[in-house]
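Observations on the model geometry
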Amino acid sequence: MHVLDGVRERIDRGSVPLVALATYALALVAWVVLVERWLPMPATGVEAGLRMSDPGAPEALALANGPSGVGLYLLMWAVMMVAMMYPATVPLFRLYNGTVRGATTAERTARLGAFMGTYAFVWGLTGIVPLAVNRVVPVATVADERGTVLLGGALLVVAVYQLSAAKRRCLEYCRSPLGFLTEQYRPGVRGAVRLSVRFSVFCIGCCWALMGLMLVVGSMNLLWMAGITVVMSLERVVSWGDRLATATGLVAGVVGAGLLVMGGLPLAG
Amino acid sequence: MAGDTQNDWSISGEFVEACNCSAPCQCLWNEAPDDDECTAALFWHIDEGVYEGTDLSDLTVGVLLYDQGLLFEGGWDLVVLVDEGASDAQATALEAIFMGRAGGVMGAVAELVEEVKDTAVVPITYDRENGHLSVAAGEIVAIEADAIDGFEATPGEVSPHPLTVPSMTANTGKSTTATVSFDDEFAWDVSGNNSYFGEFEYGA
């Protein structure tokens, strides 16, 4: 009920907010691109039977194909970030739109573009992390041999971080976009970029553990992607988001510990 | 038509607010105000300011605010008070800025406003000396407030504060007088309660 009330209130107040619609449309396009697999991926040099949604698969493909593979991987990762992160950021994008109210159309477009683009760019850069991890530890191989232990361990990391003070602090920032805006606002396109970089940092601080899970379950695993997107969006947008963050941490802890015990037993294979 | 300079504006100076919460007001922690109701008078005294070539220095703008529940969830009712000393061009500029039409941070805050009930032109006086603040807007508003000390007799500060300069702190204060009488909705005596004051700097 609370969710519905919130949604209705938002729709009433903004009388069809253009920025929100555009943001959702962009996120939707990103989802379609990923679901339909429209992004090109180099497919050479990898053992047969490996599917794109398998853990470590896209990273292995990328690393096996040099600079072009890495480039395409980062592009895919950036599209994924838009799909996962834009829905939760609508409140801030809308508020920012308010700050360019008096400006000309050209300037509005430039500033909004800089703001939203920088956000996608910074999140896109985080794609370097899964590549680096795969360079050291081939996740595909590990997942194949000790999948249960790998997922269990990753869930424990999520649990510890979800319940930490750092998570709470970053989430508070993400949950009060107006406070963030009034504190960090600077005029101009450069101000937009600066604001966006700062927000991205808090956003990464808030979500890195949940996003890290993608690395273990498969960075192109659409089902996990959808589930994590819902959790991250609710954490930020609804009034009980902070409690959801705690609950997510507790569930991840219990399931993670369970998987580790299971994976540790010799009969589990 | 120099399109890109049309909406250039910047103002800086000092602000003061006096509300119904016990000092300090809990809206900064995103909590509901005392009695779940927020009645506040806010004033911005512009030391230096310009809007599309119109000089706005030494003018003061006031806002009367009524809200229920969490302040930053919105639904505000406002009355805007514009300095009688402002020329027509200046008054138009001040309204554009403070009603959020000219963008900037005020443009973002405007999302929270449910309705601007009225705008009035009144004589406004603003004085700040040695931690004592004194603001009057005609017969409508009277504020007298003092800085209050925090732990170890050090002047109290809060940061971040949404109205103040980024990276700066606002002073905690307490009103001795904080009365508003405009109409039925905007009439209160919240003397002896919270007052914040500090410096601001806004622009588009």
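Residues numbered from 1 in each chain as written. Chains lettered and ligands numbered in written order. Predicted model: local features only at pLDDT ≥ 70, side-chain atom pairs only at ≥ 80, totals over all residues. Heavy atoms only, no water.

Okay, the environment of Gly263(A) next. Residue and element names in this part refer to chain A. Residue placement: Gly263 occurs in helix H12 (residues 241-264). Sequence separation between Gly263 and Gly147 is 116 residues; the distance between their C-alpha atoms is 8.1 Å. In this structure Gly263 touches Arg146, Thr148 and Val149, once residues within four positions along its chain are discounted. (Helix = DSSP H or I, 4+ residues; strand = E, 2+ residues; numbered from the N terminus. Contact = heavy atoms within 4.5 Å.)

This next bit is on the pairing of strand S5 (residues 76-83) of chain B. Residue and element names in this part refer to chain B. Summarising burial for S5: 8 of the 8 residues are buried, a large majority. Burial of S5 is two-sided: the residues Trp76, Leu78, Val80 and Val82 facing one way and the residues Asp77, Val79, Leu81 and Asp83 facing the other way are all buried. Bridge count for strand S4 (residues 59-68) against S5 is 6 bridges, and the pairing is antiparallel. Directly across from Gly62, in S5, lies its bridge partner Leu81. (Buried < 20%, exposed > 50% of the residue type's maximum accessible area, 1.4 Å probe, protein only. Pairing = 2+ DSSP bridges.)

What follows deals with the nonpolar core. Formed by 107 residues in total, the largest nonpolar core has its most connected members in Met80(A), Tyr96(A), Met211(A), Ile11(B), Trp44(B), Leu56(B) and Leu94(B). For this core, the leading source of residues is helix H4 (residues 66-99) of chain A, giving 15 residues. Of all hydrophobic cores here, the second largest spans 25 residues; its members include Ile124(B), Val135(B), Ile143(B) and Ala178(B). (Core = buried A, V, L, I, M, F, W, Y, C linked by side-chain atoms within 4.5 Å.)

Moving on, we come to the packing of H4(A) against helix H9 (residues 177-184) of chain A. All names here are of chain A. Remark: H4 packs on H9, axes separated minimally by 9 Å, with the N-to-C direction vectors making an angle of 40°. As summarised for this structure, H4 and H9 are arranged oblique, according to the angle between their axes. Between H4 and H9 lies a crossing whose hand is right-handed. Here Pro91, Leu92, Leu95, Tyr96 and Thr99 of H4 lie close against H9, whose contacting residues are Pro177, Leu178, Phe180 and Leu181. Residues of the contact of H4 with H9, tallied by class, amount to 8 nonpolar, 1 polar and no charged. (Axes fitted to C-alpha atoms, helices over the stretch in contact; angles between N-to-C directions. Parallel < 35°, antiparallel > 145°, perpendicular 65-115°, else oblique. Left-handed = near helix turned anticlockwise from the far one by under 90°. Nonpolar A, V, L, I, M, F, W, Y, C, P; charged D, E, K, R; others polar.)

All names here are of chain A. A grouping of Val129, Val133, Val136 and Val137 is seen on the molecular surface, where their side chains present a nonpolar patch of about 320 Å² in accessible area. Along the polypeptide, Val136 turns up in helix H6 (residues 128-136). Taking the relative accessible area as the measure of exposure, Val136 reaches 68% and is therefore exposed. (Patch = residues over 30% accessible without salt bridge, like charges linked within 9 Å, V, L, I, M, F, W, Y side chains within 5 Å. Areas by Shrake-Rupley, 256 points an atom, 1.4 Å probe, with all protein chains shown as cover. Salt bridge = Lys/Arg side-chain N within 4 Å of Asp/Glu carboxyl O.)

For any two aromatic rings, the description comes down to two numbers: the centre-to-centre distance and the angle of the planes. All names here are of chain A. What the rule picks out here adds up to 15 aromatic pairs over all chains. Centre to centre, the rings of Tyr161 and Trp208 are 4.7 Å apart; their planes meet at 50°, and the pair counts as tilted. Taken as a pair, Tyr161 in helix H7 (residues 139-162) and Trp208 in helix H10 (residues 188-217) lie far apart in primary sequence, 47 residues in all. Look at Tyr161 and you get buried, because its relative accessible area is 12%. For Trp208, a relative accessible area of 39% gives the class partly exposed. Between Tyr173 and Phe180 the ring centres are 5.8 Å apart and the planes differ by 80°, which places this aromatic pair in the edge-to-face class. For Phe180, a relative accessible area of 1% corresponds to the buried category. Here the aromatic residues Tyr86, Phe93, Tyr96, Phe115, Tyr119, Tyr173, Phe180, Phe199 and Phe202 are joined through ring pairs into a cluster of three or more. (Phe/Tyr/Trp six-rings, centres within 6.5 Å; stacked < 30°, edge-to-face > 60°.)

A few words now on the interface of chain B and chain A. On the side of chain A, 18 residues touch chain B, which itself brings 22 residues to the contact. Summing both sides of the interface, chain B and chain A together bury roughly 1,700 Å²; the carbon and sulfur share of this comes to 58%. At the boundary of chain B and chain A, one finds 2 salt bridges. For Glu111(B), the salt bridge is made with Arg101(A), and the minimal N-O distance between the two is 3.7 Å. (Buried area = accessible area lost by both parts, 1.4 Å probe.)

With that settled, consider the pattern of salt bridges. Side-chain pairing between opposite charges can occur once the charged atoms of the two side chains come close. This structure, assessed with the given rule, holds 9 salt bridges over all chains. A salt bridge links Glu235(A) to Lys167(A); the shortest N-O distance between them is 2.9 Å. Taken together, the residues span a long stretch of sequence, with Glu235(A) in helix H11 (residues 222-237) and Lys167(A) in helix H8 (residues 165-175) at a distance of 68 residues. Lys117(B) serves as the salt-bridge partner of Glu115(B), at 3.4 Å between the closest nitrogen and oxygen.

With that settled, consider H7(A). Residue and element names in this part refer to chain A. Spanning 24 residues, H7 covers only 23 Å between terminal C-alpha atoms, well under the ideal 34 Å at 1.5 Å per step. Along H7, the largest kink reaches about 110° and is centred on Arg146. When we look at burial in H7, the residues that qualify are Val139, Ala143, Gly152, Ala154, Leu155, Val158, Ala159, Tyr161 and Gln162. Contacts from the buried residues of H7 go to H6, H8, H10, H11 and H12. (Expected span 1.5 Å × (residues − 1). Bend = angle between axes of the 7 residues up to and from the residue.)

Time to look at the environment of Phe115(A). Mapped onto the fold, Phe115(A) is located in helix H5 (residues 105-125). In this structure, the C-alpha to C-alpha distance between Phe115(A) and Arg190(A), residues 75 residues apart in sequence, is 9.3 Å.

Quick look at the confidence of the model for chain A now. Chain-level statistics for chain A give a pLDDT mean of 88 and a share of 89% at 70 or above. When pLDDT is averaged over each element of chain A, H5(A) comes out on top at 95 and helix H1 (residues 2-14) of chain A at the bottom at 51. (pLDDT = per-residue confidence, 0-100.)

Right, let's talk about the packing of H4(A) against H10(A) for a bit. Residues and elements named next belong to chain A. Two numbers describe how H4 lies on H10: the axes approach to 11 Å, and their chain directions differ by 135°. As summarised for this structure, H4 and H10 are arranged oblique, according to the angle between their axes. The element H4 and its partner H10 pack so that their crossing is right-handed. Along the contact surface, H4 presents Met80, Met81, Met84, Met85, Thr89, Leu92 and Tyr96, while H10 presents Gly188, Ala192, Leu195, Phe199, Cys203, Cys207, Met211 and Met214. Of the residues assigned to the contact of H4 with H10, the class counts are 13 nonpolar, 2 polar and no charged.

What follows deals with the layout of surface pockets. All names here are of chain B. Here the second largest pocket is characterised by a volume of approximately 440 Å³. Looking at the second largest pocket, it is lined by 30 residues, and the ones nearest its centre are Leu42, Leu65, Trp76, Val109 and Leu163. For the lining of the second largest pocket, the element with the highest residue contribution is strand S2 (residues 37-51), accounting for 4 residues. (1 Å grid on protein atoms, 1.4 Å probe; cavity = no way out; pocket = protein on both sides within 12 Å on 5 of 7 lines; lining within 4 Å. Points joined across faces, edges and corners; volume = space filled by probe spheres on them.)

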